[in-house]
Protein chains: 2
Amino acid sequence: MVLARLILGLLCLSPMTGYELKKHFDSSINHFWNADKAQIYRTLAQLVDKGYATVRTVAQSNYPDRQEHHITEAGREALVQWLSAGAVQSPERDPFMGQVFFAAELERDEIQNLLEERRQATQYTLDDYLSQREGIDMRAAADRRSFLMAATLDHAIRQQAAELEWLDAVLEYLP
Amino acid sequence: MVLARLILGLLCLSPMTGYELKKHFDSSINHFWNADKAQIYRTLAQLVDKGYATVRTVAQSNYPDRQEHHITEAGREALVQWLSAGAVQSPERDPFMGQVFFAAELERDEIQNLLEERRQATQYTLDDYLSQREGIDMRAAADRRSFLMAATLDHAIRQQAAELEWLDAVLEYLP
DNA sequence: CCGAAGTGGGTGCAAAATCAACTATGTGTG
DNA sequence: CACACATAGTTGATTTTGCACCCACTTCGG
C-alpha cells in the first residue's frame, strides 16, 4: 500500500528501473522507509497491471537491458489522491521499547548494557543522517520540493537526537 | 517474533487470557506496539505449542470460560534470552514522512493542511500519553520495573513533542 | 587471471500482519 | 423490549514483508 505510493512518488521524479528504486530506498529514503528488492519488483509489476506505470525496455551496450518504469497520468492521479486524502496515522511500533518495558527481568548491569548498546547505535544513525544532511545544497532548498525532502531528513535527525537525550536520562536515573 | 516476546513479557507479569492481553496492547502498550486480536490468539497458541506457556481453563459463573495462559520456565528463559541478546535495531518506518517527501505534488495550501492535520493528531496523541503519565504513581517508579515501564512512556512523549516542534518549524519555513 | 563487486532482473516460500466475519452469553440504558 | 456494549474466543482470506536463492554479464583491483 504505502510502498506502492512511495514508488509512484519516485517514478514521478524520474523514470526508473527497479534496481535504481532499490538504491533510492537504501540512500535517500532510508530515514523513513526501507524495502526489499523482491517487494519492489513485485509492486512495480502491480503498478503496471493497474495502469499506474508503463515499462520501456532500454537496451544498453555493456549492461543488461533496463526495464525503465514510467509513471502514467493515472499513476500521478493516484499519488495525488493519496496525498490529498489527509495525513496518514500509523501506530507506533518499536521493538526496542518492548525490550526496555520488560528489561526488569535482567540484572541492573545488563539493562545498562542494553541501553548503552542502543545509545551507540542511535549515535551512529544520527551521524549518518547528519552527514547526509551536509550533502544537501541549502540554496536548492528554496524550492518547495527540495525543502520538503530535506525536512523529512531533519525529522529523522530530531527523532534520533530526542532518543539520545532520552537514553541519557534513563541511564542517569535508572534505579 | 516481536509479538511473541511481548506476550511472554506480559504473561511474566501475571497469567492472562487473550482478551486481557488485547486490552493491555490497547492501553499500557499502545505507545510502542499494537496487535490485532486474531494475531494475539494465534501467537498464544504458538507459545503453548512451543512449551513457552500453558493454558488453564477457568470457569466463570456468568461469563465465558477464561483460557488463562501461564508462562512456563522455558518461556521465561526465552524472554530473558531475547533481552540478553542485545538491543534490537529496527528500520525507521513512517508513512507520513513519505507523504511529506512527495508533498510537492500538491499546492502550497494543501501541503499546509496536511501538516496541520498531522499537527492536530500529534497533539492529541501527546495529550493522551501525558494523561497516561499522570496516572503513574511516581513513588512506585522507585522500583526498577515501574521505572522502566514509565520510561517507555516518557520516550513516546519525547518523540511526540519532538514531532510537534518539527511540524511547527516546517510550517513556519515552508516556501 | 581470479575473484569481488556492480548492473539488472527474477522466483519460491514462509512468517507476520490485517480485515472481516461469526459464535455465545451477560449487563446496562433508553 | 430493543440495542449497544463487554466478556471470551475462533476462522478464513488476503496482504505485506522478509529471507534465501537463482540467472547473466561487466568492471575493477590485486
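Residues numbered from 1 in each chain as written. Chains lettered and ligands numbered in written order. Predicted model: local features only at pLDDT ≥ 70, side-chain atom pairs only at ≥ 80, totals over all residues. Heavy atoms only, no water.

Taking an unreviewed UniProt entry as the reference, chain A is identified by name as PadR family transcriptional regulator belonging to Glutamicibacter nicotianae.

1. Focus on the overall build of chain A
The condition that has to hold: The numbering of helices and of strands both runs from the N terminus, where a helix is a DSSP run of H or I of at least 4 residues and a strand a run of E of at least 2. To get the radius of gyration, use the C-alpha atoms; to get the globule rule, take the number of residues to the power 0.38 and multiply by 2.2 Å. Between buried and exposed lies partly exposed: a residue is buried under 20% and exposed over 50% of the maximum accessible area for its type, with that area taken using a 1.4 Å probe on protein chains only. In what follows, a contact means two residues having at least one pair of non-hydrogen atoms within 4.5 Å. The protein chains shown are the only cover counted for residues, whose accessible areas, like all others here, come from Shrake-Rupley with a 1.4 Å probe. Charge assignment: positive for Lys and Arg, negative for Asp and Glu; neither His nor the chain ends contribute. Here the site of a charge means NZ on Lys, CZ on Arg, CG on Asp, or CD on Glu.
The secondary structure content of chain A amounts to seven helices and two strands. The order of α-helices and β-strands along chain A, N terminus first, is α-α-α-β-β-α-α-α-α. Taken against the 2.2 N^0.38 rule, which gives 16 Å for 175 residues, the C-alpha radius of gyration of chain A at 20 Å runs more than 25% over that of a compact globule. On the principal axes, the C-alpha backbone points of chain A span a range of 60 × 40 × 40 Å. Across the 175 residues in chain A, those meeting the buried criterion constitute 46%. A sequence separation of at least 24 residues applies to 56% of the contacts in chain A between residues at least 6 apart. When the accessible surface of chain A is summed, it comes to about 8900 Å², and 49% of that surface belongs to carbon and sulfur atoms. Taken together, the 18 basic and 26 acidic charged side chains of chain A have centroids lying 10 Å from each other.

2. Examining the pattern of salt bridges
A pair can form between side chains of opposite charge whenever their charged atoms are brought close. Residues and elements named next belong to chain B. In plain terms, the rule: Every case where a carboxyl oxygen of Asp or Glu lies within 4 Å of a side-chain nitrogen of Lys or Arg is listed as a salt bridge.
Applying the stated criterion to the full structure yields 20 salt bridges over all chains. Here lysine 22 makes a salt bridge to aspartate 26, at a shortest N to O gap of 3.1 Å. Of this pair, lysine 22 and aspartate 26 both sit in helix α2 (residues 18-26), separated by four residues, roughly a single helical turn. Notably, a salt bridge pairs arginine 118 with glutamate 163, separated by 2.8 Å at the nearest N-O pair. Of this pair, arginine 118 sits in helix α6 (residues 108-134) while glutamate 163 sits in helix α7 (residues 144-173), placing them 45 residues apart in sequence. Residue glutamate 163 is classed as buried on the basis of its relative accessible area, which comes to 6%.

3. Notes on the protein's contact with DNA strand C
Rules: Any residue with a non-hydrogen atom lying within 4 Å of a molecule or strand is treated as near it. Here a polar contact is taken to be a pair of N or O atoms separated by no more than 3.5 Å, where protein atoms must pair a possible hydrogen donor with a possible acceptor and residues adjacent in sequence count only if both atoms sit in side chains.
In the neighbourhood of DNA strand C, 23 residues make up the surrounding shell, with Lys37, Arg42 and Gln67 of chain A together with Gln39 and Asn62 of chain B lying closest. Taking the atoms of DNA strand C that fall within 4 Å of the protein, sugar and phosphate contribute 61% of them. Within the side chain of glutamine 60 of chain A, one N or O atom sits 3.1 Å away from a phosphate oxygen of DNA strand C. Glutamine 39 of chain B places a polar side-chain atom, nitrogen or oxygen, 2.7 Å from a phosphate oxygen of DNA strand C. Contributions of two or more residues to the surface near DNA strand C are made by α2 (18-26), α3 (37-49) and β2 (66-71) of chain A together with α3 (37-49) of chain B. For the surface near DNA strand C, the element with the most residues is α3 of chain A, which contributes four residues.

4. Examining the pairing of β2 of chain A
Residues in a regular strand project their side chains so that they alternate between the two faces of the sheet. Residues and elements named next belong to chain A. Applicable threshold: Strands are treated as partners if at least two bridges between them are detected by DSSP.
The element β2 is largely enclosed, with a buried count of five among its six residues. Note that strand β1 (residues 53-58) and β2 share six bridges and pair antiparallel. Bridge pairing in β2 links arginine 56 to glutamate 68.

5. Things to note about the protein's contact with DNA strand D
Gln39 and Asn62 of chain A together with Tyr19, Lys37 and Gln67 of chain B are the nearest of the 23 residues found near DNA strand D. In DNA strand D, atoms within 4 Å of the protein come 57% from sugar and phosphate. At a separation of 2.6 Å, a phosphate oxygen of DNA strand D approaches a polar side-chain atom of glutamine 39 of chain A. In this structure, a sugar or linking oxygen belonging to DNA strand D sits 3.2 Å away from a main-chain N or O atom of aspartate 65 of chain B. With four residues, α3 of chain B is the largest single contributor of residues to the surface near DNA strand D.

6. Digging into the relation of the copies chain A and chain B
Note the cut-off: When the copies are superposed, the least-squares fit draws on C-alpha atoms of residues that have pLDDT of at least 70 in both.
With an RMSD of 0.1 Å, the fit of chain A onto chain B corresponds to turning through 180° and sliding 0.0 Å along the axis. Such a combination of turn and shift is consistent with a two-fold rotation axis. The position closest to the rotation axis in chain A is occupied by the C-alpha of glutamine 159 of chain A, lying 3.2 Å away. Of the interface residues in chain A, 100% have counterparts in chain B that sit at the interface too, so the contact is made through matching surfaces.

7. Some thoughts on the environment of valine 80 of chain A
Relative to the helices and strands, valine 80 of chain A is located in helix α4 (residues 73-84). Residue classification places valine 80 of chain A among the partly exposed positions, given a relative accessible area of 27%. For the pair valine 80 of chain A and glutamine 99 of chain A, spaced 19 residues apart in the sequence, the C-alpha separation amounts to 39 Å. Excluding anything up to four places from it in sequence, valine 80 of chain A contacts Glu105 and Leu106 of chain B.

8. As for α2 of chain A
Going by this rule: Arc definition: it is the arc formed by the directions from the helix axis to the C-beta atoms.
For α2 of chain A, the set of buried residues is Gly18, Leu21 and Phe25 of chain A. Mapping the buried residues of α2 of chain A onto a view down its axis gives an arc of 55°, with all of them on the same face.

9. Points about the packing of aromatic side chains
Defined as follows: Centre distance within 6.5 Å is the pairing criterion for rings of Phe, Tyr and Trp, where only the six-membered ring of Trp is used; planes under 30 degrees apart are then read as stacked, over 60 as edge-to-face, and the remainder as tilted.
Here the structure, examined in full by the defined rule, presents four aromatic pairs over all chains. The interplanar angle of 50° and the centroid separation of 5.4 Å between the aromatic rings of phenylalanine 101 of chain A and phenylalanine 32 of chain B together place this pair among those described as tilted. Of this pair, phenylalanine 101 of chain A sits in helix α5 (residues 95-101) while phenylalanine 32 of chain B sits in the loop between α2 and α3, which puts the two residues in different chains. Per residue, the accessibility class of phenylalanine 101 of chain A equals that of phenylalanine 32 of chain B, and both read buried. Considering the side-chain rings of phenylalanine 101 of chain B and phenylalanine 102 of chain B, the 5.0 Å spacing of their centres and the 80° angle between planes classify their relative orientation as edge-to-face.

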